[in-house]
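# Descriptive analysis of the structure
Below are the chains, spelled out letter by letter.
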Amino acid sequence: MSALATARSHLKYRACALAVRKCSITGICQRKVKRMAKPEQVLNIEPQNELRFRGPFNAPVTSYMKLTNPSDKKVLFKIKTTAPKKYCVRPNSGLLEPNTSIEIAISLQPFLFDPAEKNKHKFMVQTLFAPDGDVNLEQLWKEIGPEQLMDSKLKCVFEMPVEQNESQEEPAKASPKAPVVQSVPNNAIDPELQKAAEEVQQLREEESSLRQENLRLKEEILQLKLAAGTRVTQPNRYAPPAQQQNIPVIYMAVAVILGFLGIVLGKFVL
């Protein structure tokens, strides 16, 4: 009896193990079937696998994605990311008419870049054929099942300029944890901002030249004033006073008069 009970328990154990194995195999098969049944992406996505962002990253850096609908049907799209707080996507959803394209601007917000830190940011483009008639798109995205969506995944790649990358390697070897302060080159700024900066710089240079010209004119005016002051005639210290110069003339006139009177009186007396 004990051997029969042992055999029965052994058979039950094997039956349970087979049942568990069958369930696991069935689940795997079902998942594979679902994956195989998932529709293929209808849009052409450029780039296909990677979104590259070129530093420095102390200012917003923008990368672009192009979506093209080669089919004869309207296609709805939606773009998701694993780091929504670090990116600004415009537009992040919409509708593509047949045989049309759209460019998506993906802006990475400023952050402290560490080359040693592994980047895990990813983007996913989800699409589906637009249903006929008027549909609430927001409600449609909530209700549709994931097996009905066509999706494509892209990973993010961060690149540093060659010059700054080389200059960043030396301090990284000395102290890997120390953040490196980087400057923004002109080619990383938008053309409009760069043009405005050049105009401001030109105005500053013109202002500086005007100030220098103003100082130069002031110096010339001062020199002219000094030159005019030195040309004023100064009195001769060694010349006799005017009254003293006139005294001999008076004396001579008096002497002539007295001499004339003496001659006249002398004639009368004689």
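On a predicted model such as this, the values are computed, not experimentally measured, just so you know.

## Side note on the UniProt feature "coiled-coil region" (unreviewed entry) in the chain
UniProt's feature table lists "coiled-coil region" (unreviewed entry) at residues 193-227, given in the numbering used throughout. Counted over residues 193-227, helix gives 100% and strand 0%. Its end C-alpha atoms are 51 Å apart.

## So, the sheet that holds strand β8 (residues 122-129)
Spatially, the five strands line up as an open sheet ordered β2-β9-β8-β4-β6, and their pairing is mixed. One side of each edge strand has no neighbouring strand; the edge strands of this open sheet are β2 (50-54) and β6 (93-96). Ignoring which end each strand starts from, the neighbouring axes of this sheet average 25 degrees apart. Bridging between strand β4 (residues 75-81) and β6 involves four bridges; their strand directions are antiparallel. Residue pairing for β6: V75 is matched across the bridge by L96.

## Examining the sheet that holds strand β3 (residues 61-69)
Sheet strands pair via backbone hydrogen bonds, and the direction of the pair is either parallel or antiparallel. Read from one edge of the open sheet, four strands run β1-β3-β7-β5, paired in antiparallel fashion. Two strands close off the open sheet at either side, each with one partner strand: β1 (44-46) and β5 (87-90). Direction aside, neighbouring strands of the sheet carry axes that sit 20 degrees apart on average. Pairing of β3 with strand β7 (residues 100-108), which is carried by nine bridges, proceeds in the antiparallel orientation. In the sheet register, S63 faces β7, and the bridge partner there is I106.

## Comments concerning the packing of aromatic side chains
Scanning all chains against the criterion turns up nine aromatic pairs. Here F53 and Y87 contribute two aromatic rings whose centre-to-centre distance is 5.7 Å and whose plane-to-plane angle is 50 degrees, an arrangement assigned as tilted. Placement of the pair is F53 in strand β2 and Y87 in strand β5, with a sequence separation of 34 residues. A residue is classified by how much of its surface remains accessible, and F53, at 0% relative accessible area, is buried. A ring pair is formed by F111 and F158, whose centres lie 5.5 Å apart and whose planes are at 50 degrees; its orientation type is tilted. Of the two residues, F111 sits in the loop between β7 and β8 while F158 sits in strand β9 (residues 150-159), which places them 47 residues apart along the sequence. Residue F111 is classed as partly exposed on the basis of its relative accessible area, which comes to 24%. For F158, a relative accessible area of 18% corresponds to the buried category. An aromatic cluster is built from F53, F57, Y87, F111, F113, F123 and F158, whose rings are joined through pairwise contacts.

## Comments concerning the nonpolar core
Residues F53, M65, L67, Y87 and I106 are the most contacted members of the largest nonpolar core, which totals 27 residues. Mapped by element, the contributors of at least two residues to this core are β2, β3, β4, β5, β7, β8 and β9. Of the residues forming this core, the biggest block, four residues, is contributed by β9. If we skip the residues at most four places from it in the chain, F53 touches V61, S63, Y87, I106, L108, C156, V157, F158 and E159. Within the second largest apolar cluster, six residues are counted, among which are L76, L140, W141 and I144.

Rules used throughout
Residues numbered from 1 in each chain as written. Predicted model: local features only at pLDDT ≥ 70, side-chain atom pairs only at ≥ 80, totals over all residues. Heavy atoms only, no water. UniProt positions renumbered as here; feature names shortened; annotations may be inferred. Helix = DSSP H or I, 4+ residues; strand = E, 2+ residues; numbered from the N terminus. Pairing = 2+ DSSP bridges. Axes fitted to C-alpha atoms, helices over the stretch in contact; angles between N-to-C directions. Phe/Tyr/Trp six-rings, centres within 6.5 Å; stacked < 30°, edge-to-face > 60°. Buried < 20%, exposed > 50% of the residue type's maximum accessible area, 1.4 Å probe, protein only. Core = buried A, V, L, I, M, F, W, Y, C linked by side-chain atoms within 4.5 Å. Contact = heavy atoms within 4.5 Å.

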